[in-house]
Amino acid sequence: MLALLTSLAWGSGGPACAVALRELPITIVVAGRCGLAALALALFLRRRIPDFWSRLSGPGRSRAVLSGLLLGVHFILFVAGVAHTSLPAAITLVALEPVAILLAGAVFFGARPTMTQGAGIVVAIMGAMVVGFGSLVVGDAPALGARHSLYGDLLAGSAVVIYALYYSVNRALKKHADAARGALSEMESNLALAAVIYG
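This text gives an overview of the structure that appears in the document. The numbers attached to residues start from 1 for each chain and follow its sequence in the written order. The model is predicted, so local features are restricted to residues of pLDDT at least 70 and side-chain atom pairs to those at 80 or more, both for listing and for counting; the totals for chains, interfaces and linings are taken over all residues. The basis for every side-chain value is the complete set of non-hydrogen atoms in the structure, without hydrogens or water.

1. As for helix H2 (residues 26-44)
Line of reasoning, step 1. Here H2 contains 19 residues, and its C-alpha end-to-end distance of 27 Å stays within 8% of the 27 Å for a straight helix at 1.5 Å per residue.
Line of reasoning, step 2. Those residues of H2 that sit buried are Val 29, Val 30, Cys 34, Ala 38 and Leu 41. Down the axis of H2, the sector holding all buried residues measures 155°, keeping them to one side. Among the exposed residues of H2, those oriented more than 90 degrees off its buried face are Leu 36 and Leu 43. Think of it this way: any DSSP run of H or I at least four residues long counts as a helix, any run of E at least two long counts as a strand, and we number them from the N terminus. In this scheme, a helix's expected span is set at 1.5 Å multiplied by one less than its residue total. The buried label applies to any residue whose accessible area, calculated with a 1.4 Å probe on protein chains only, is under 20% of its type's maximum; exposed applies above 50%, and partly exposed to all values in between. Directions pointing from the helix axis toward each C-beta atom define the arc.

2. With respect to the nonpolar core
Line of reasoning, step 1. Side-chain atoms within 4.5 Å are what join buried Ala, Val, Leu, Ile, Met, Phe, Trp, Tyr and Cys residues into a set we call a nonpolar core. The biggest cluster of nonpolar side chains holds 26 residues, and the ones touching the most others in it are Leu 21, Phe 78, Val 79 and Val 82.
Line of reasoning, step 2. Listed by contribution, the elements that provide at least two residues to this core are helix H1 (2-20), H2, helix H4 (58-84), helix H5 (87-94) and helix H8 (150-179).
Line of reasoning, step 3. Of all the elements, H4 adds the most residues to this core, at nine residues.
Line of reasoning, step 4. Apart from residues no more than four positions distant in its own chain, Val 82 is found in contact with Ala 18, Leu 21, Leu 87 and Ala 90.
Line of reasoning, step 5. Among the nonpolar cores identified, the runner-up in size contains five residues, and Leu 56, Ala 64, Leu 173 and Ala 177 belong to it. Only heavy atoms enter the contact rule, under which two residues are in contact if any of them lie within 4.5 Å.

3. So, the packing of aromatic side chains
Line of reasoning, step 1. What counts as a ring pair is set by centres within 6.5 Å for rings of Phe, Tyr and Trp (its six-membered ring), and what kind of pair is set by the plane angle: stacked under 30 degrees, edge-to-face over 60, tilted for all other angles. Tallied over the full model, the rule gives one aromatic pair.
Line of reasoning, step 2. Plain terms: the ring middles of Tyr 163 and Tyr 166 are 5.3 Å apart, the flat faces sit at 50° to each other, and that makes the pair tilted. In this pair, Tyr 163 and Tyr 166 are both assigned in helix H8, three residues apart and thus about one turn of the helix distant.
Line of reasoning, step 3. The class for Tyr 166 is buried, based on a relative accessible area of 12%.

4. Describing a nonpolar patch on the surface
Line of reasoning, step 1. Note that patches include only residues with greater than 30% relative accessible area and no salt bridge, and the join distances are 9 Å for like charges and 5 Å for nonpolar side chains (Val, Leu, Ile, Met, Phe, Trp, Tyr). Note on areas: Shrake-Rupley, 1.4 Å probe, and residue coverage restricted to the protein chains presented here. One side-chain nitrogen of Lys or Arg within 4 Å of one carboxyl oxygen of Asp or Glu is enough to make a salt bridge. Together, Val 107, Phe 108, Phe 109, Val 161 and Leu 165 give the surface a local cluster of nonpolar side chains, amounting to about 480 Å² of exposed area.
Line of reasoning, step 2. Those elements that place two or more of their residues in the nonpolar patch are helix H6 (97-109) and H8.
Line of reasoning, step 3. Per element, the largest residue contribution to the nonpolar patch is three residues, and it comes from H6.
Line of reasoning, step 4. In this fold, Leu 165 is placed in helix H8.

As structure tokens, then:
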């Protein structure tokens, strides 16, 4: 059930941003997106977050703050990309995040991608290309106020690079979170860490 809710939230993020940008500035859309996530997690884990934070080491806290800043910059760049280019183009570029993550894993951690990961990335990129090429062939929907621009593409592409850095910081942060877990389950620990990052 949690995986289904996560998939629905993740998949609806781009279109929801495009609709919200008709009426709201980029900063409000990003703050609302992160703020709602932080609020939902804080309500769900209201008693566990302070305990988790108190057990997190100094370097772990620093990495959590850096992770939150990188995630915020990622969202700002992605939403700005959606505001300045077509939604299909922005989503197509952001679909390259798995490639960026694998490259970051190889550069920073010496991790080699498995065949399954490689196949998953190919499927994700092909799906994104279907969406992107559909935009080129059919044309952008005027109702969404969509337009394609290199500037918007660069913003969305920059969001991919920042997300890879965010992932690398989080991968290093995981050992600090595991050490601070205490009586929390792994899922509770991960959600508490997510609440700290979004907050």
